[in-house]
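# Chain and residue survey
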Amino acid sequence: MSQPSAAVGARVSRVEGRAKVTGTATYSAEHDIDGVVHAVIVDASIGRGRITGIDTDAALALDGVLTVISHLNAPRLPYRDNESSNNPPGGRRLRAFQDDTVHFHGQPVAVAVATTLEQAQHAARLVRVSYDDRPTETDLEQAKPTKATTYERGNAADALADAPVRIEATYQLARNHHHPMEPHATIASWKGDELTVRDKTQWVVGAQTELAAVFGLELDQVRVISPFVGGGFGSALRAWPHVVIAAVAARAVKAPVKVVLTRKQMAFDTGYRPAYRYRLHLGATRRGRLLAADHSVLAETSRYEDFTEAVLSSGQMLYSTPHVRQSYSKVPLDVSTPLYMRGPGYATAAFALESGVDELAHELGIDPLELRRRNEPDADQSNDLPFSTRRLADCYTTGAKEFGWQRRSTKPGSRREGDWRIGLGMAAGAYDTLRNKAQAHIRLNADGTARVEAAASDMGPGTYTSLSQVAADALGLPLKRITTRIGDSTMPPTPPHGGSQTMASVGSAVQAGCDTVRRTAIDLAVGDPDSPLHNTDPKQVVVRSGRLHLAGQPARGETYQQLMERNRRPHLQTTGTFAPPTGAKRHSMYAYAATFAEVAVDARLGLVRVRHLLGVYDAGRIISPTLADSQAIGGMIGGIGTALLEHSVTDHRDGRITNANLADYLVPVNADIGELHAIFLDGSDTVADPIGVKGLGEVVHVGVAPAIANAVFNATGRRIRQLPITLDALL
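Since the structure is predicted, the reported quantities are computational estimates derived from the model, not experimental observations. (Residues numbered from 1 in each chain as written. Predicted model: local features only at pLDDT ≥ 70, side-chain atom pairs only at ≥ 80, totals over all residues. Heavy atoms only, no water.)

Looking now at the overall build of the protein chain. Helix and strand counts for the protein chain come out as 17 helices and 30 strands. The C-alpha radius of gyration of the protein chain comes to 27 Å, within 12% of the 27 Å expected for a compact globule of 731 residues. Seen through its C-alpha atoms, the protein chain measures out along the principal axes to roughly 80 × 75 × 50 Å. (Helix = DSSP H or I, 4+ residues; strand = E, 2+ residues; numbered from the N terminus. Rg over C-alpha atoms; globule rule 2.2 N^0.38 Å.)

Its place among the elements puts arginine 175 in the loop between β8 (165–173) and β9 (185–191). A polar contact of 3.1 Å, which involves the side chain of arginine 175, links it to the side chain of glutamate 300. (Polar contact = N/O pair within 3.5 Å; in protein donor to acceptor, adjacent residues only side chain to side chain.)

Looking now at the packing of aromatic side chains. Any pair of aromatic rings gets described here by the distance separating the centres and the angle formed by the planes. Taken as a whole and assessed by the stated rule, the structure comprises 13 aromatic pairs. Both rings, one in tryptophan 190 and one in phenylalanine 215, keep their centres 5.4 Å apart while their planes meet at 75°; by these two values the pair is edge-to-face. Taken together, the residues tryptophan 190 in strand β9 and phenylalanine 215 in helix α5 (residues 204–215) connect sequence positions 25 residues apart. Centroid distance tyrosine 590 to tyrosine 592: 6.3 Å. Interplanar angle 45°. Geometry classified as tilted. Comparing tyrosine 590 with tyrosine 592, the two get one shared label, buried. (Phe/Tyr/Trp six-rings, centres within 6.5 Å; stacked < 30°, edge-to-face > 60°. Buried < 20%, exposed > 50% of the residue type's maximum accessible area, 1.4 Å probe, protein only.)

For the rest of this paragraph, the subject is the pattern of salt bridges. Overall, the coordinates contain 38 salt bridges when judged by the stated rule. Residue glutamate 305 is joined to arginine 238 by a salt bridge in which the shortest nitrogen-to-oxygen separation is 2.9 Å. Pair noted here: glutamate 305 is in the loop between β14 (290–302) and α8 (313–317) and arginine 238 is in the loop between β11 (222–225) and α6 (241–253), with a separation of 67 residues, a long-range link. When its relative accessible area of 4% is taken as the criterion, glutamate 305 is described as buried. Exposure remark for arginine 238: the relative accessible area of 7% places this residue in the buried category. The partner of aspartate 672 in a salt bridge is arginine 609, and the shortest N-O contact between them spans 3.2 Å. In this pair, aspartate 672 sits in the loop between β28 (656–657) and β29 (675–680) while arginine 609 sits in strand β26 (residues 608–618), placing the two residues 63 residues apart along the sequence. Looking at arginine 609, the relative accessible area reads 32%, which means it is partly exposed. When salt bridges that share partners are traced, they join Arg48, Glu137, Arg303 and Asp334 into one network. (Salt bridge = Lys/Arg side-chain N within 4 Å of Asp/Glu carboxyl O.)

Residues Asp193, Glu194, Glu218 and Asp220 make up a contiguous surface patch of negative charge. Checked against the element boundaries, glutamate 194 lands in strand β10 (residues 194–199). (Patch = residues over 30% accessible without salt bridge, like charges linked within 9 Å, V, L, I, M, F, W, Y side chains within 5 Å. Areas by Shrake-Rupley, 256 points an atom, 1.4 Å probe, with all protein chains shown as cover. Lys, Arg positive; Asp, Glu negative; His and termini not counted. Charge placed at Lys NZ, Arg CZ, Asp CG, Glu CD.)

Turning to the nonpolar core, a few remarks are in order. Counting 90 residues, the largest nonpolar core has Leu360, Val599, Leu613, Tyr617 and Ile708 as the members making the most contacts within it. With sequence-adjacent residues up to four places away left out, leucine 613 is seen in contact with Thr595, Phe596, Ala597, Met636, Ile640, Glu675, Leu676, His677, Val704 and Ile708. (Core = buried A, V, L, I, M, F, W, Y, C linked by side-chain atoms within 4.5 Å. Contact = heavy atoms within 4.5 Å.)

For the rest of this paragraph, the subject is the sheet that holds strand β24 (residues 571–578). The strand order across the open sheet formed by four strands is β20-β19-β18-β24, and the pairing between neighbours is mixed. Unpaired on one side and paired on the other, β20 (482–486) and β24 mark the two borders of the sheet. Recorded for the sheet is a direction-independent mean angle of 15° between the axes of neighbouring strands. As defined by bridge partners, strand β18 (residues 438–445) adjoins strand β19 (residues 450–454) across four bridges and the pair is classed as antiparallel. Paired with leucine 444 across the bridge in β19 is alanine 450. Strands in contact with helix α12 (residues 463–475) are β18, β19 and β20; relative to β20, the strand with the most contacts, it is inclined by about 135°. Along the sheet, helix α13 (residues 502–526) makes contact with β18, β19 and β24, crossing β24 at roughly 145°. (Pairing = 2+ DSSP bridges. Axes fitted to C-alpha atoms, helices over the stretch in contact; angles between N-to-C directions.)

Pairing in this open sheet of five strands is mixed, and the strands run β16-β17-β25-β26-β29 from one edge to the other. Edge strands, defined here as strands with exactly one partner in the open sheet, are β16 (416–417) and β29. Strand direction decides the pairing type here: strand β17 (residues 420–432) and strand β25 (residues 590–602), joined by 13 bridges, are antiparallel. When the bridges of β25 are listed, arginine 421 appears paired with valine 601. Along the sheet, helix α15 (residues 625–644) makes contact with β26 and β29, crossing β29 at roughly 130°. Against the sheet, helix α17 (residues 704–716) makes contact with β17, β25 and β26, and its axis sits at roughly 155° relative to β17, the strand it touches most.

Counting buried residues in strand β15 (residues 323–333) gives eight out of eleven residues, a clear majority hidden from the surface. In the sheet, strand β7 (residues 149–153) pairs with β15 via five bridges, with the strands oriented antiparallel. Bridge pairing in β15 links arginine 153 to valine 324. Alignment of β14 against β15, held across eleven bridges, turns out to be parallel. If you follow threonine 301 over to β15, its bridge partner there is proline 332.

What follows deals with unusual backbone geometry. For the bond from leucine 723 to proline 724, the omega torsion is 0°, close enough to zero to count as cis. Within the secondary structure, proline 724 sits in the segment after β30 (722–723). Look at arginine 568: it is not a glycine, yet its phi comes out positive at around 50°. Topologically, arginine 568 is positioned in the loop between α14 (560–566) and β24.

Of the strand pairs in this sheet, β10 and β11 are connected by four bridges, and their pairing is parallel. The residue of β11 that forms the bridge with threonine 196 is arginine 223. Handedness of the crossover joining β10 and β11 through α5: right-handed. (Right-handed = clockwise from strand over helix to strand, strands pointing away.)

The end-to-end C-alpha separation of helix α11 (residues 392–403) is 16 Å, in line with the 16 Å expected for twelve residues at 1.5 Å each. Every buried residue of α11 is accounted for by Leu392, Cys395, Tyr396, Gly399, Ala400 and Phe403. Take α11 and look down its axis: the buried residues cluster within an arc of 120°, on one side only. Packing partners of the buried residues in α11 comprise α10 (368–374), β17, β25 and β26. Just past α11, the residue glycine 404 takes up positive phi, approximately 80°. (Expected span 1.5 Å × (residues − 1). Arc of directions from axis to C-beta.)

In structure tokens form, the structure reads like this:
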């Protein structure tokens, strides 16, 4: 008999909330380690070339300075190849202090280590580095792309040529940086040949694997600890060079070493959403049925690594389109390596695809929502697989009614309030339902409490709370009786905390482990002659509030405490596991979103204000409505930034990021935010995973920027094909 649900689906407060608001939650730079010293990284001041000399005399002469490390005196590290590490395929890692090559502006070239932070900062400023400067290529539009990756079904060229209605446009997306609130930081310490690292990471297992590979260690010789992460958005999905540098410095000075990156350094050394040029050509019938689509994408990557993300997926499956041709070309540049940023790939594609569909709707004189309805596929045309669930049409219906889509003027620029032009827009979105192998240790104690342990991270979505909710219901305990511990590589392994896979993967492992422990307790009771449940059918026993009882006979039962104390069992424990099915895929699995936006544009100033955003989501089972609301609101705010504010500006003379600070790199503040509202369709996707979730953190971001851009067009009649939409584009 299935367990009753009390915690899952309930609006509960975060179990880790008090620790966060009272300051007792410990972040990577806050661990109190005896004898810790400080390290400050020296960054390259050129964009490409070689180091010809490093003068450290003045730095080493300062009081408190322990050492200055560079390629001149750093140890040679093994850097073993490791397929399970979290590095992009097809390139070589940036090997900290292993040679004299400079690949990008801001690359770490030395590190000063001192007793205090101030001494280390002073020493780093005194290190003099000379270079053989080489010409730098950092402009996506000017550099030579690699051979394209292609996809094709049908005959897009002929179908486009024959299509009665065609639109063709090129969309530009600026580079965006993650800029989480918590800076990247690492504290490394050695005990013999064993390395312990307290790091800001979204994947403790990945960081552990990377460090073991770099230093030639076994996995059990490396421990990575990261109980709390103060925002990541993808930037902490891999171990960046500063993590290795901290460990190198700690071994050199035989003391724990702390490295905390500055905001400026984070703009060079911890990834970003790459810039894109996306050309889209659509062909349709006059009744709005898509016939063909041609997508041509240019994306920046570093010259020393090969980064790609899923930019082509949406164009293959979101709309019914018999003829599709796609090409994806990387442009290797003298820049640091990009990395996944919220809604990776899909958010980029959504701006081009959803703007293009909106342009086609305007050309045809069809309501943009109706055009999307007319092109809903019955199956995934990229692989001919059925969708596990697909309720995007329900998202449209629910959203249109709640948002008041009928208010939208069919004539752009016709709705005014004084100097303000008012517009409504919408966009669809999808994100792949990812799941990976995960484990979780479950321990039920004789006092009726339980503990959940897994190596998973929590960068803000509430992993502590959602895992506790799953465990509470599976064990039949009140939520307050569950303690969840995460963020330590000594705990059972889990996949990266990114790609919206944590609940599907780790949550399913927790469910499996708790189910096993609960059934073990039930079997113990059924087989115990002194138990009220002796010789009953185990399938008819349920547990609620820590008490086992026969279904329909709540008086016939006993508590976990009574059962375990009588049987002298101090605890029951197991390790729950989850792994996606192996073999050929049988279903196409995505989460879906329909985002609606209302904007006001000042006709004289070009200023855009987002008055209202509504997101409607098909994301399977919602474990925590409170956390889901938080995720959706965060995704919307991030989308406002992408649409209107965020833009990393590069000086192409040397690759320097000129706005590597939060004064010039603009992100939304409270004054930029209007009404935000999220709706989650009731549902469950048990094809995807046993607990029926799809993942939410990525899809809530995916369609926001194009919905705003489409609303700006409806308000002004001006189609802006470049992000961010700045006031000069509207004047």
